[in-house]
Amino acid sequence: MSGRQHRETEIARRIRAKGLAAGRTSAQVADEIHEACAAHFSTSRIKAHRLAYGIALADVIEQVRALFERDGKAMPGIGETLLSAYESGLKRPGPEYLHYLCTVYRVEPVALGYDSPCICGHGHRMPGVLSGTVEPKERPQLAQERDLVIQPMETEPEDEENENILRRTLLNSLQADANLTDLEGPVLGACEGIRRRMDETLVMATVSAAMLDQWEEATISFGRQYTTTAPLRLLCDVLLELSAVRTAMSRRQPIDLQERLCRMAAQLAGLAGMIMINLGDHRLARSFFRTGRTAADETGDRALRAWIAVRESLVPLYFGDAREALTLAKKSRDMAGSTPCAAQAMAPVVEARALAMMSNGETKKEIVDQAKRALARARNAFAHMRPEDQTDVAFGYTEKQLYFYQGDVLTKLGQTIEAEVVLDQALEKYEDHILDQTLIRLDQAQCRLIDGDVREAVSIATKALNLVGDEYLTDLIVRPALQLEKAILARDATVPGLEGLSAALRRPRQPEMKGGDG
């Protein structure tokens, strides 16, 4: 024990002795220890409670294990290192461990320094003791009776209206002759309303296992539809499912069911953020990813948290802030750690793309080397992913995505020989996705322009845009095409075929499109 820790323990021991002599509860002693030690030793509230009991980390671990055994559960993975991380603030306990720590210390989560309520839905205080004062003996019995009453769940008017707006939008999108605009005001309001209500539910919270199975299957299905269904139509389906999950989470659930609900909420919110990127609304995309982070944090799943972070990094990447994209990608990589998962492969690719954007077309050896090292890490991580994650375009990371983005990075770095080889391979793998084929062909045109063949660059770009239906001609395609046109004009404003490229790029556009692999 260091000198600093020794002084902290000595002060806590004196406060505990005086408090017990004065008849104070352990919770009151913990408050006094926190007040006296926080400023000098950064003593957290959860650590103050252990010091108030005068016990070691090992004692708390044994009590938690005994509670797991009492409840017929497998021995937990919590150890002294993890508990120490909780006490130092480096980590936050998941919902299950928080419940058992509250049981050990006989307090509510807020007393341990955590705002969210416990998932069990019952109090943890000692019988007859509430907020440090002795209550009449009949109070605990009344509290128990109150906790056993299950109130019927009524749909809030705001929720019902939001869902009705999305249902009407979904029905309209299914009509063969539908000509939907982008996200109109009411639809935007409904999207934001459902997301906000989910945020509210995540910071407070029964459903059958069969219903949970159905929701999980639906979530996986939405991930498969990501590249084959029009974004606005898929968004309505995803948010209606998210609303149903939120309603279930508003009731107290058993620990294992609550974690499954949080996982679905994180995946659905993340998928909604991805769709918002395709629809061009970066503000709502960031909001949904923020909601996804809140839900993912409740699961304690590193892979899920890293997936949310790396998907969010695409927002600044696509909307012009390469430095923020690089920061978020590195954050995702750190979250993933050594866990084989989609984020381990995707994060280095985003890093490489951000580095290439920051190079501004200059082939600086340092930038090129950094980006290539990142791509090498991505290929290595992909090789260690589970097979099912290698075929999942939404919640995993596929080989064709890896080829596509490697080619994009090499193009931006000016490594045209390597880029064209990789882009050719990517084009073969994307034979059924016209949107991504178009982005690949625009990169091929960029390679030809870098090599000085302006006429061939114009030809490839024009053919690529003419192969795209009007419903696909959205900002995701138009933005890089406009950048390519600008670069061509700067190189040779009189090149033959430029009028055809301009005409293909500026023809009437319709907003609805099928999502990309981004």
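One numbering rule holds for all chains: residues counted from 1, following each sequence as written. Per-residue local features of the predicted model are confined to residues with pLDDT of at least 70, and side-chain atom pairs are confined, for both listing and counting, to 80 or more; whole-chain, interface and lining totals are unaffected and use all residues. Values shown for side chains rest on all heavy atoms present in the structure; no hydrogens or waters enter the calculation.

**Points about the overall build of the protein**
Applicable threshold: Segments assigned H or I by DSSP are reported as helices when at least four residues long, segments assigned E as strands when at least two residues long, and all are numbered from the N terminus. Only protein chains enter the accessibility calculation, which uses a 1.4 Å probe; a residue whose area is less than 20% of its type maximum is buried, one above 50% is exposed, and one in between is partly exposed. The method behind every accessible area is Shrake-Rupley, applied with a 1.4 Å probe, and residues are considered shielded solely by the protein chains displayed.
Of regular secondary structure, the protein possesses 24 helices and two strands. Counting every position in the protein, which comprises 518 residues, the buried fraction comes to 50%. Split by element, the accessible area of the protein, about 24,400 Å² in all, is 50% carbon and sulfur.

**Notes on the packing of helix α14 (residues 302-312) against helix α16 (residues 322-336)**
Condition: To define axes, lines are fitted to C-alpha atoms, for helices over the stretch in contact only, and angles between the resulting N-to-C directions are given on a 0 to 180 degree scale. Geometric relationships in this document are graded by angle, where less than 35 degrees denotes roughly parallel, more than 145 denotes roughly antiparallel, 65 to 115 denotes roughly perpendicular, and other angles denote oblique. The contact definition used throughout considers only heavy atoms, calling two residues in contact when any of these lie within 4.5 Å. Put simply, Ala, Val, Leu, Ile, Met, Phe, Trp, Tyr, Cys and Pro go in the nonpolar bin, Asp, Glu, Lys and Arg in the charged bin, and everything else, Gly too, in the polar bin.
Running from N to C, α14 and α16 point in directions that differ by 170°, and their axes come no closer than 8 Å. Between α14 and α16, the angle falls in the class roughly antiparallel. Packed against α14, whose contacting residues are R302, R305, A306, A309, V310 and E312, the element α16 presents L328, S332, D334, M335 and A336 at the interface. When grouped by side-chain class, the residues that make up the contact of α14 with α16 number six nonpolar, one polar and four charged.

**Thoughts on the side chain of E8**
Among the structural elements, E8 can be located in helix α1 (residues 3-21). Among all residues touching E8, those that are not within four sequence positions of it are C37, F41, T43, K47 and L51.

**Remarks on the confidence of the model for the protein**
Any residue range with low pLDDT should be treated as having predicted coordinates unsuitable for detailed reading. Test applied: In predicted models, pLDDT denotes the confidence assigned by the predictor to each residue on a 0 to 100 scale.
This prediction gives the protein a mean pLDDT of 83; 85% of its residues lie at or above 70. Per-element confidence in the protein ranges from a low mean pLDDT of 33 for strand β1 (residues 129-130) to a high of 96 for α14. In the predicted structure, residues 126-154 sits below a pLDDT of 50 and forms 18 contacts with residues beyond four places in sequence or in another chain. The low-confidence segment residues 510-515, where pLDDT is below 50, has 37 contacts with residues more than four positions distant or belonging to other chains.

**Section: the pattern of salt bridges**
Going by this rule: Salt bridges are defined as contacts in which a side-chain nitrogen from Lys or Arg sits within 4 Å of a carboxyl oxygen from Asp or Glu.
In total, this model carries 28 salt bridges according to the counting rule given. The closest approach of N and O atoms between D369 and K365, which form a salt bridge, is 2.7 Å. A residue pair is termed a helical-turn pair when its members lie 3 or 4 positions apart in one helix, as D369 and K365 do in helix α18 (residues 365-383) at four residues. A salt bridge links R448 to E456, with the shortest nitrogen-to-oxygen separation between them at 3.6 Å. Among the residues examined, E456 registers a relative accessible area of 29% and is labelled partly exposed.

**Focus on unusual backbone geometry**
Its identity is not glycine, yet S42 carries a phi of approximately 55°, on the positive side. Positionally, S42 belongs in the loop between α2 (26-41) and α3 (45-53). You will see that R106, though not glycine, has its phi angle at about 60°, which is positive. Take R106: it is sitting in the loop between α6 (95-105) and β1.

**Some words on helix α19 (residues 399-412)**
Side chains three or four residues apart in an α-helix point the same way, a direct result of the helix having 3.6 residues per turn. Applicable threshold: The length a helix should cover is 1.5 Å for every residue beyond the first.
Here α19 contains 14 residues, and its C-alpha end-to-end distance of 20 Å stays within 8% of the 20 Å for a straight helix at 1.5 Å per residue. Of all 14 residues in α19, twelve are buried; the element is thus mostly enclosed. Three or more residues of α19 are buried, namely K400, Q401, L402, Y403, F404, Y405, Q406, G407, D408, V409, L410 and T411. Contact partners of the buried residues in α19: α14, α15 (314-318), α17 (342-358), α18, α20 (416-429) and α21 (434-450). Phi turns positive one or two residues past the end of α19, at G414, with a value near 80°.

**Description of the packing of aromatic side chains**
Aromatic rings in a pair are described by how distant their centres are and how their planes are angled relative to each other. To be explicit about the condition: Aromatic pairing here means that ring centres of Phe, Tyr or Trp (its six-membered ring) are within 6.5 Å. Orientation follows from the plane angle: under 30 degrees is stacked, over 60 is edge-to-face, and everything else is tilted. Consider the ring centre and the ring normal. A charge sits over the ring if Lys NZ or Arg CZ is within 6 Å of that centre and within 35 degrees of that normal.
Summed over all chains, the structure comprises six aromatic pairs. Through pairs of rings, three or more aromatic residues link up here, namely F68, Y97 and Y100. A cation over a ring is seen here: K73 above F68, with NZ or CZ 5.8 Å from the ring centre.

**Focus on the environment of K372**
Mapped onto the fold, K372 is located in helix α18. Sequence separation between K372 and A352 is 20 residues, and the spatial gap between their C-alpha atoms is 7.2 Å. What K372 contacts, discounting residues up to four positions off in sequence, is L410, Q415 and E418.

**Describing the nonpolar core**
Quick reminder of the rule: By nonpolar core is meant a set of buried Ala, Val, Leu, Ile, Met, Phe, Trp, Tyr and Cys residues that side-chain atoms within 4.5 Å join together.
The biggest cluster of nonpolar side chains holds 122 residues, and the ones touching the most others in it are L166, C191, L235, L239, L271, Y397 and I488. The leading source of residues in this core is helix α12 (residues 255-279), at 14 residues. Apart from residues no more than four positions distant in its own chain, L166 is found in contact with V187, A190, C191, I194, C236, L239 and L240. Listed in part, the 23 residues of the second largest apolar core include L57, I61, L98 and Y114.

**Remarks on the environment of L482**
Within the fold, L482 resides in helix α23 (residues 475-491). Classification of L482 by relative accessible area gives partly exposed; the value is 35%. When the C-alpha positions of L482 and S502 are compared, they lie 9.0 Å apart, and in sequence the two are 20 residues distant.

**What about helix α22 (residues 454-466)?**
Taking 1.5 Å of rise per residue, the 13 residues of α22 would be expected to cover 18 Å, and the 18 Å separating its terminal C-alpha atoms lies within 8% of that figure. Every buried residue of α22 is accounted for by V454, A457, V458, I460, A461, T462, A464 and L465. Where α22 is buried, its residues meet α21, α23 and α24 (498-505).

**Brief notes about the packing of helix α10 (residues 209-225) against α12**
Under the convention used in this document: By convention, the crossing between two helices is left-handed when the near helix turns anticlockwise from the far helix through less than a right angle, and right-handed when the turn is clockwise.
Close contact between α10 and α12 brings their axes to 10 Å; oriented N to C, the two are set at 20°. With respect to α12, the element α10 is oriented roughly parallel. In the crossing of α10 with α12, the sense of the turn from one axis to the other is left-handed. Taken together, the residues of α12 that come into contact with α10 (itself represented by A209, L212, D213, W215, E216, T219, F222 and G223) are L257, R260, L261, M264, Q267, L268 and L271. Its residues placed into classes, the contact of α10 with α12 shows nine nonpolar, three polar and three charged.

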